[in-house]
Amino acid sequence: MGSFICSISERDWEIARIKGIYGNKIGNIRNDGKYREFSASTKYSIIRDLVGMKKEDRVFFHVITQAGPSRVHGMYSVRAIPFYDSTRIWDDPDEIFPYRFLFEPHPRYKYLCIQDANIEVVDFYELIEQRIIWSLATLENERNIEARSVRKIEHESETNEILRILHRDYRHRKVETYVQFSPVSIPIDFMPLKNCLHDIGRYENSIKALLMYKIGQNDPSLSNIMGPVSDFMNEVFIAQTTRKSIDILCIKKLADCARKYIICEVKTDKCHSDSLRQVLYYMDLFRRKDLVDIHNDEIIGCLIGQRFSNDIIDFSKKRNSHGINGSIFLAEYKPIENGQDAEFQRIA
Amino acid sequence: MIKKLSTSEPYISLCQDLYSLDIFDKAINGLLTIIEKNKELRITLVERKFVNNSGSCINAGYFFIQCLKTICEEEHLKVFRRFLETTVKEKAKGNYMEVDPILSATGYSNNVIDFVDKYNEIQRRKPIQLFLYG
């Protein structure tokens with residue numbers, strides 16, 4: 001089970017909430033006033049953010065308004081895996097929003113969705129300020145942060161807190177006219193988003209997208225290395241002020257409320273000392289977060305790349321042999337099937 | 001280059017007078033207090049304080065010191081790191097920047113020196129400082 005928050009314009013939300021379909025754009029209007037598709041790397045980042053989504057995952061929508069404060073709406077449930085489809089749904093002259101998923105009101109919270117319950121985005125940001133929401137720094141597009149529309153969040157405490165605020169403000173922020181749902185069906189000839197994934201070994205976002213997909217599927221090639229995980233997120237903010245983020249964070253529940261956190265850093269090609277320094281620093285930063293119980297939780301580092309310098313393999317092996325909380329895994333990947341898939345092997 | 005201490009018993013010297021060795025300088029590292037000792041493992045934990053603008057003594061971190069009576073091999077380093085980890089958790093909420101690790105021994109195996117060099121290069125933590133004696 002996972003949770004997501006997806007940004008959408010107010011204009012597109014009117015259609016999306018009735019038809020139960022969300023689409024991510026593949027281009028934008030540039031400075032010269034012309035529409036152009038994003039670069040391959042950016043397209044893979046869109047796939048990366050969506051491809052770990054599964055049926056019954058929970059979704060909130062960040063509705064961006066032209067006037068007045070933005071809002072967060074929910075809670076919805078994913079009703080089909082993400083897919084690519086170019087059928088026109090939204091009334092936009094340039095964009096068809098082809099990277100899509102289908103959703104419906106969450107069965108337990110239909111009463112929220114039918115009255116389009118929402119909270120002001122400032123209430124959401126207060127949760128970030130209070131570190132109750134810790135996986136995100138903001139929902140805005142900032143100069144130093146990659147623009148994203150779909151963000152995976154922690155599916156227990158973070159999700160429950162947003163849900164609580166939606167209930168807290170429900171009386172005052174519901175709409176009186178009931179939403180008339182008229183959900184669209186998944187196209188017969190739909191293409192699963194995973195099939196849009198190419199260029200593994202060439203772009204960092206491609207290998208990250210494949211990892212998100214495989215972790216979501218509990219694929220043995222990764223669970224053999226990391227063990228099974230109960231939640232996972234990408235681009236998780238570790239240092240809010242410098243806007244540094246963990247590539248992928250996996251969480252596994254252990255006995256007695258303890259948790260194992262696996263901090264993954266992904267490199268397209270060769271990993272050197274600086275890659276290892278980065279993941280070890282993130283581990284040290286993460287263990288100081290309020291949510292971590294330093295006496296019981298385990299923090300593991302995982303560096304993923306195609307090749308590794310010998311010095312970091314030797315150091316990692318020795319470091320792990322000391323048996324101190326904070327092991328580091330080195331996982332090598334090898335692109336296969338013309339860059340549409342990869343094999344993984346733990347080397348330390 | 002590992003600095004040599006001018007004593008044949010660093011643990012006893014430290015326990016008697018923290019400034020008796022060439023590790024600490026009173027002018028810079030004043031207000032040091034031994035707050036914990038482990039005689040069996042010859043470990044001392046030293047609290048570092050400073051006087052702030054209001055005249056109060058404020059904690060400014062710790063020194064975690066182990067004085068081995070032998071050549072330091074990988075097994076010794078494991079024990080040292082394990083106790084360091086416990087101290088960092090208990091005293092500094094997991095922040096390795098709060099604790100300066102210091103190890104003294106009569107010698108060091110090449111494996112230990114290589115590991116410590118790489119550890120100090122890669123980990124953004126207080127470096128492990130090695131001293132020789134005897």
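Residues numbered from 1 in each chain as written. Chains lettered and ligands numbered in written order. Predicted model: local features only at pLDDT ≥ 70, side-chain atom pairs only at ≥ 80, totals over all residues.

Draft legend 1. The overall build of chain A, seen in detail. Of regular secondary structure, chain A possesses 10 helices and 18 strands. In summary, chain A has a C-alpha radius of gyration of 20 Å against a globular reference of 20 Å for 348 residues, a match within 12%. Taken along its principal axes, the extent of the C-alpha atoms in chain A is 65 × 45 × 40 Å. When the 348 residues of chain A are sorted by exposure, 42% land in the buried category. Taking all contacts inside chain A whose residues are at least 6 apart in sequence as the whole, residues at least 24 apart take part in 69%. (Helix = DSSP H or I, 4+ residues; strand = E, 2+ residues; numbered from the N terminus. Rg over C-alpha atoms; globule rule 2.2 N^0.38 Å. Buried ≥ 20, exposed ≤ 12 C-beta atoms within 10 Å, placed from the backbone. Contact = placed C-beta atoms within 7 Å.)

Draft legend 2. Expanded view of the domain arrangement of chain A. Residues and elements named next belong to chain A. For chain A, the assigned domains are domain 1 (3-193) and domain 2 (197-346). Spacing between the C-alpha centres of domain 1 and domain 2 amounts to 27 Å. With 21 residues of domain 1 at the interface, the matching set in domain 2 holds 22 residues. For the side of domain 1 that touches domain 2, the leading source of residues is helix α2 (residues 40-50), giving 7 residues. (Domains from an automatic or database assignment.)

Draft legend 3. Quick peek at helix α7 (residues 204-216) of chain A. Residue and element names in this part refer to chain A. For α7, with 13 residues, the first-to-last C-alpha span of 18 Å sits near the 18 Å given by 1.5 Å per residue. Within α7, 11 of the 13 residues are buried, which leaves the element mostly enclosed by the surrounding structure. Buried within α7 we find Asn205, Ser206, Ile207, Lys208, Ala209, Leu210, Leu211, Met212, Tyr213, Lys214 and Ile215. (Expected span 1.5 Å × (residues − 1).)

Draft legend 4. Main features of unusual backbone geometry. Residue and element names in this part refer to chain A. Following glycine 74, the chain continues into methionine 75 via a peptide bond in cis, with omega recorded as 0°. Structurally, the position occupied by methionine 75 is in strand β6 (residues 71-84). Its identity as a non-glycine residue notwithstanding, asparagine 338 has a phi of 55°, on the positive side. As for its placement among the helices and strands, asparagine 338 is situated in the loop between β17 (328-336) and β18 (341-346).

Draft legend 5. Summary view of the sheet that holds strand β13 (residues 259-266) of chain A. Residues and elements named next belong to chain A. Reading across the sheet, the 6 strands line up as β11-β12-β13-β15-β17-β18 and stay open at both edges, with mixed pairing between neighbours. Two strands close off the open sheet at either side, each with one partner strand: β11 (231-239) and β18. Adjacent strand axes in the sheet meet at a mean angle of 30°, parallel and antiparallel pairs treated alike. In the sheet, β11 pairs with strand β12 (residues 244-253) via 7 bridges, with the strands oriented antiparallel. What sits directly across from phenylalanine 237, in β12, is serine 245. Relative to strand β15 (residues 298-305), helix α9 (residues 273-286) is tilted by about 155°, and along the sheet it contacts β11, β12, β13, β15 and β17. (Pairing = 2+ DSSP bridges. Axes fitted to C-alpha atoms, helices over the stretch in contact; angles between N-to-C directions.)

Draft legend 6. Seen up close, the sheet that holds strand β8 (residues 129-132) of chain B. Residue and element names in this part refer to chain B. Pairing within the open sheet is mixed, and its 6 strands lie in the order β1-β8-β6-β4-β3-β2. A strand with exactly one partner marks an edge of an open sheet, and here the two such strands are β1 (3-4) and β2 (32-38). Alignment of strand β3 (residues 43-51) against strand β4 (residues 57-67), held across 8 bridges, turns out to be antiparallel. Looking at the pairing, isoleucine 43 lines up with glutamine 66 of β4. Helix α2 (residues 74-92) contacts β3, β4 and β6 (99-105) of the sheet and is inclined by roughly 155° relative to β6.

Draft legend 7. Spotlight on the packing of α2 of chain A against α7 of chain A. Residue and element names in this part refer to chain A. Interaxial distance between α2 and α7 falls to 8 Å at its minimum, and their mutual angle equals 10°. Here α7 runs roughly parallel to α2, going by the angle between their axes. As α2 packs across α7, the resulting crossing turns out to be left-handed. Of α7, the residues touching α2 (which contributes Ser41, Tyr44, Ser45, Ile47 and Arg48) are Asn205, Ser206, Lys208, Ala209 and Met212. (Parallel < 35°, antiparallel > 145°, perpendicular 65-115°, else oblique. Left-handed = near helix turned anticlockwise from the far one by under 90°.)

Draft legend 8. Looking closely at the interface of chain B and chain A. Opposite the 16 residues of chain B that make contact, chain A presents 17 residues. For the side of chain B that touches chain A, the elements supplying multiple residues, two or more each, are α2 and α3 (110-122) of chain B. The biggest single contributor to the side of chain B that touches chain A is α2 of chain B, with 5 residues.

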